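Examination of the molecular architecture
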Amino acid sequence: MSILEYNGVGMVAMVGKECVAIAADRRLGIQAQTISTDFQKIFRMNDKLYVGLPGLATDVLSVSAQLRYHLNLFQLKENRDMKPKAFMNMVCIELYKNRFGPYFVEPVVAGLDPKTNEPFIAGMDLIGCPMEADDFIVGGTCTEQLYGMCESLWKPDMEPDDLFETISQALLNAVDRDALSGWGCVVHVIEKDKVTTRTLKARMD
Amino acid sequence: LCVRKVGRTMSERYSFSLTTFSPSGKLVQIEYALQAVSAGAPSVGIKAKNGIVIAAEKKQKSVLYDEGSIHKIEVVNDRIGMAYSGMGPDFRLLLSKAREIAQHYYLKFRQSIPVSQLVHEVAMVVQEYTQSGGVRPFGVSLLLAGFDDDVPYLYQCDPSGAYFAWRATAMGKNYINGKTFLEKRYNNDLELEDAVHIAILTLKEGFDGQMTEDNIEIGIANKQGFQRLSPSEIKDYLATIL
């Protein structure tokens, strides 16, 4: 059993028309036993930048705190919001710093450029190999299921409401086929002037 | 952080700062450093609507000097340029540090460092040398030209570590006359081409002898990046003025 599968998570980010969405399940487990059904895995960095951290729960907490530290210092120093691409690169560098004793998280970045509002999503592995995509990024213990769902459901230029439906269905049905994820979902849809966060009722098993 | 020292044993004896306050509250070493700057070759910087020009006099004491081999204007990265008045070797060190800072930023964020961030970091280094053991302040004032996204900035950094954003400035020998000249000639609607002309004319004010493409240097920052002009390009500008 891989240490990345100890706690269980399903996470997905998608690109729409002038918007992005990022969603994750809410389960925290210790292998087979479910401990919590409201564990936060997606973190707001700023109004237009969210990062999701699938993986070992202790590292989810540590890495999210560390990223917030770096981002806050940047924003104070440079007096501006960080671009999603720059943020992604910063996360990669920080993860690689622990190349031989890594954090067991495989972050998913989703956001809009602070000036141009261009959508941006990216994922990376636990040692910081980045992957940018113009459609969807998946993470967690049910990536195989998520890839299947996203590949069939995603289409380009979806409006925010349509994107919400699509990402929700992709996530809900993927986590239902994975024992380690599920127990509710959180979806954030990020547009240039607002972020809509919805909690989904799912199969509570 | 690595502090370069001439001899290790000497600085071991000086673990206290050599820059100390005078009774009137001045740091005399910094005042003297500013004197060193004012004795240096003139340099000029002008910010236009669509870019920045920095120019410097590169007169050598003897015709035997190979002028093409040393530069007064250098690139920090492809978007930011640096010029100076004062001691050349001190400039070399700060240039090296500035390049490292810019690359480190690029490594971390994969974006070119905004010039306002670079000048801040360089100024921190300059300040360190006014408050560390066994070192003297830098004998240069720097001019940094570059863009923050779409906005052009011209910064001057002094030996104290203080930095200022200018619309136009002159440093080195004759800088007071240079600034007076710029005050008269500058307006907010200058285009880059006009700014280059004014920069050359400002240098000409205090120039001894004939200005040629080999004894001045010009660097231009625009939205595409920063580059130092070649002697033949400088010659073209000089031909339209002289």
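Keep in mind it's a predicted model, so treat the numbers as computed, not measured.

So, how was this worked out
Residues numbered from 1 in each chain as written. Chains lettered and ligands numbered in written order. Predicted model: local features only at pLDDT ≥ 70, side-chain atom pairs only at ≥ 80, totals over all residues. Heavy atoms only, no water. Helix = DSSP H or I, 4+ residues; strand = E, 2+ residues; numbered from the N terminus. Rg over C-alpha atoms; globule rule 2.2 N^0.38 Å. Buried < 20%, exposed > 50% of the residue type's maximum accessible area, 1.4 Å probe, protein only. Contact = heavy atoms within 4.5 Å. Areas by Shrake-Rupley, 256 points an atom, 1.4 Å probe, with all protein chains shown as cover. Lys, Arg positive; Asp, Glu negative; His and termini not counted. Charge placed at Lys NZ, Arg CZ, Asp CG, Glu CD. Pairing = 2+ DSSP bridges. Phe/Tyr/Trp six-rings, centres within 6.5 Å; stacked < 30°, edge-to-face > 60°. Core = buried A, V, L, I, M, F, W, Y, C linked by side-chain atoms within 4.5 Å. Buried area = accessible area lost by both parts, 1.4 Å probe. Salt bridge = Lys/Arg side-chain N within 4 Å of Asp/Glu carboxyl O. Polar contact = N/O pair within 3.5 Å; in protein donor to acceptor, adjacent residues only side chain to side chain. Nonpolar A, V, L, I, M, F, W, Y, C, P; charged D, E, K, R; others polar. Axes fitted to C-alpha atoms, helices over the stretch in contact; angles between N-to-C directions.

Along the backbone of chain A there are four helices and 12 strands. Here the C-alpha radius of gyration of chain A, 16 Å, is about what a compact globule of 205 residues would show, namely 17 Å. By its C-alpha atoms, chain A is 45 × 40 × 25 Å across when sized along the principal axes. Going through the 205 residues of chain A one by one, you find that 54% of them count as buried. A separation of at least 24 residues holds for 62% of the contacts in chain A among residues at least 6 apart in sequence. Summed over its atoms, the accessible surface of chain A is roughly 9,400 Å², and 50% of this surface lies on carbon and sulfur atoms. Counting 21 positive and 28 negative side-chain charges, chain A places the averaged centre of each group 5 Å from the other.

A separate point is the pairing of strand β12 (residues 195-200) of chain A. As defined by bridge partners, strand β11 (residues 185-191) of chain A adjoins β12(A) across six bridges and the pair is classed as antiparallel. Directly across from Cys185(A), in β12(A), lies its bridge partner Leu200(A).

Counted by the stated rule, this structure contains eight aromatic pairs over all chains. Here the aromatic rings of Phe136(A) and Trp154(A) are separated by 6.4 Å at their centres, their planes lie at 65°, and the arrangement is edge-to-face. Highlighted residues: Phe136(A) in strand β10 (residues 136-140) and Trp154(A) in the loop between α3 (143-153) and α4 (160-175), separated in sequence by 18 residues. Relative accessible area serves as the criterion here: at 6%, Phe136(A) is assigned to the buried category. Ring plane angle 50° and centroid distance 4.8 Å describe the contact between Tyr105(B) and Phe109(B), whose orientation is recorded as tilted. Of this pair, Tyr105(B) and Phe109(B) both sit in helix α3 (residues 88-109), four residues apart, which is roughly one turn of that helix. Neither Tyr105(B) nor Phe109(B) differs from the other in exposure class; each is buried. By way of ring pairs, the aromatic residues Phe74(A), Tyr105(B) and Phe109(B) are connected into one cluster.

Phe87(A), Val76(B), Met82(B), Leu94(B), Leu118(B), Leu142(B) and Leu144(B) are the most contacted members of the largest nonpolar core, which totals 55 residues. Among the elements that make up this core, the one with the highest residue count is α3(B) (nine residues). Non-local contacts of Leu94(B), meaning those with residues more than four positions away in its chain, are made with Met82(B), Val122(B), Val125(B), Val126(B), Phe138(B), Val140(B) and Leu142(B). Counting 26 residues, the second-largest nonpolar core is a separate cluster that includes Tyr186(B), Ala199(B), Ile216(B) and Leu229(B).

Here the focus is the interface of chain A and chain B. The extent of an interface is frequently quoted as the accessible surface area lost upon association of the parts. Listed by partner, the interface residues are 16 residues for chain A and 12 residues for chain B. For the pairing of chain A and chain B, the buried interface totals around 1,200 Å² over both sides, and the portion due to carbon and sulfur atoms is 42%. It is Lys77(A), Glu78(A) and Asn89(A) in chain A that bury the most area against chain B; as a group they hold 35% of the surface buried on that side. Between Glu121(B) and Lys77(A) there is a salt bridge; the shortest N-O distance is 2.6 Å. Inspection of the region where chain A meets chain B yields nine residue pairs in polar contact (both at pLDDT 80 or more). Breaking the side of chain A that touches chain B down by element, the ones donating at least two residues are α1 (57-78) and α2 (84-97) of chain A. In terms of residues, the side of chain A that touches chain B owes the most to one element, α2(A), which gives seven residues. Classifying every residue of the side of chain A that touches chain B by side-chain character gives six nonpolar, two polar and eight charged.

As a further point, take the sheet that holds strand β7 (residues 163-166) of chain B. Residue and element names in this part refer to chain B. The strand order across the open sheet built from five strands is β3-β4-β5-β6-β7, with neighbouring strands paired in antiparallel fashion. Strand pairing shows two members of the sheet lacking a second neighbour, β3 (73-77) and β7, which therefore form its edges. Pairwise comparison of adjacent strand axes, ignoring direction, gives a mean angle of 25° for this sheet. Of the pairings in the sheet, the one linking strand β4 (residues 80-86) to strand β5 (residues 140-148) comprises six bridges and is antiparallel in character. Within β5, the position partnered with Ala83 by the bridge is Leu143. Packing against the sheet, helix α4 (residues 115-128) makes contact with β3, β4, β5, β6 (151-157) and β7, and its axis sits at approximately 160° to β5.

Between side chains of opposite charge, a pair can form as their charged atoms come close. Per the stated rule, a full pass over the model turns up 16 salt bridges over all chains. For Glu132(A), the salt bridge identified is with Arg110(B), shortest N-O distance 3.6 Å. In this pair, Glu132(A) sits in strand β9 (residues 130-133) while Arg110(B) sits in the loop between α3 and α4, so the two residues belong to two different chains. Residue Glu74(B) is joined to Arg228(B) by a salt bridge in which the shortest nitrogen-to-oxygen separation is 3.4 Å. With a gap of 154 residues between them, Glu74(B) in strand β3 and Arg228(B) in strand β10 (residues 225-228) connect regions that are remote in the sequence. It is possible to trace a salt-bridge network through shared partners that takes in Lys83(A), Lys115(A) and Asp149(B).

Attention now moves to the side chain of Asp90(B). Within the secondary structure layout, Asp90(B) lies in helix α3. Setting aside its immediate chain neighbours within four residues, Asp90(B) contacts Arg136(B), Pro137(B), Phe138(B), Gly139(B) and Val140(B).

Strands belonging to one sheet form pairs held by backbone hydrogen bonds; the direction of such a pair is parallel or antiparallel. Residues and elements named next belong to chain A. As summarised here, the arrangement of the five strands in space is β10-β1-β2-β11-β12, forming an open sheet in which the pairing is antiparallel. The outermost strands of the open sheet, each flanked by one partner alone, are β10 and β12. Averaged over all pairs of adjacent strands, the angle between their axes in this sheet comes to 10°, without regard to strand direction. Against the sheet, α3 touches β1 (10-15) and β10, its axis set at about 160° to β10.

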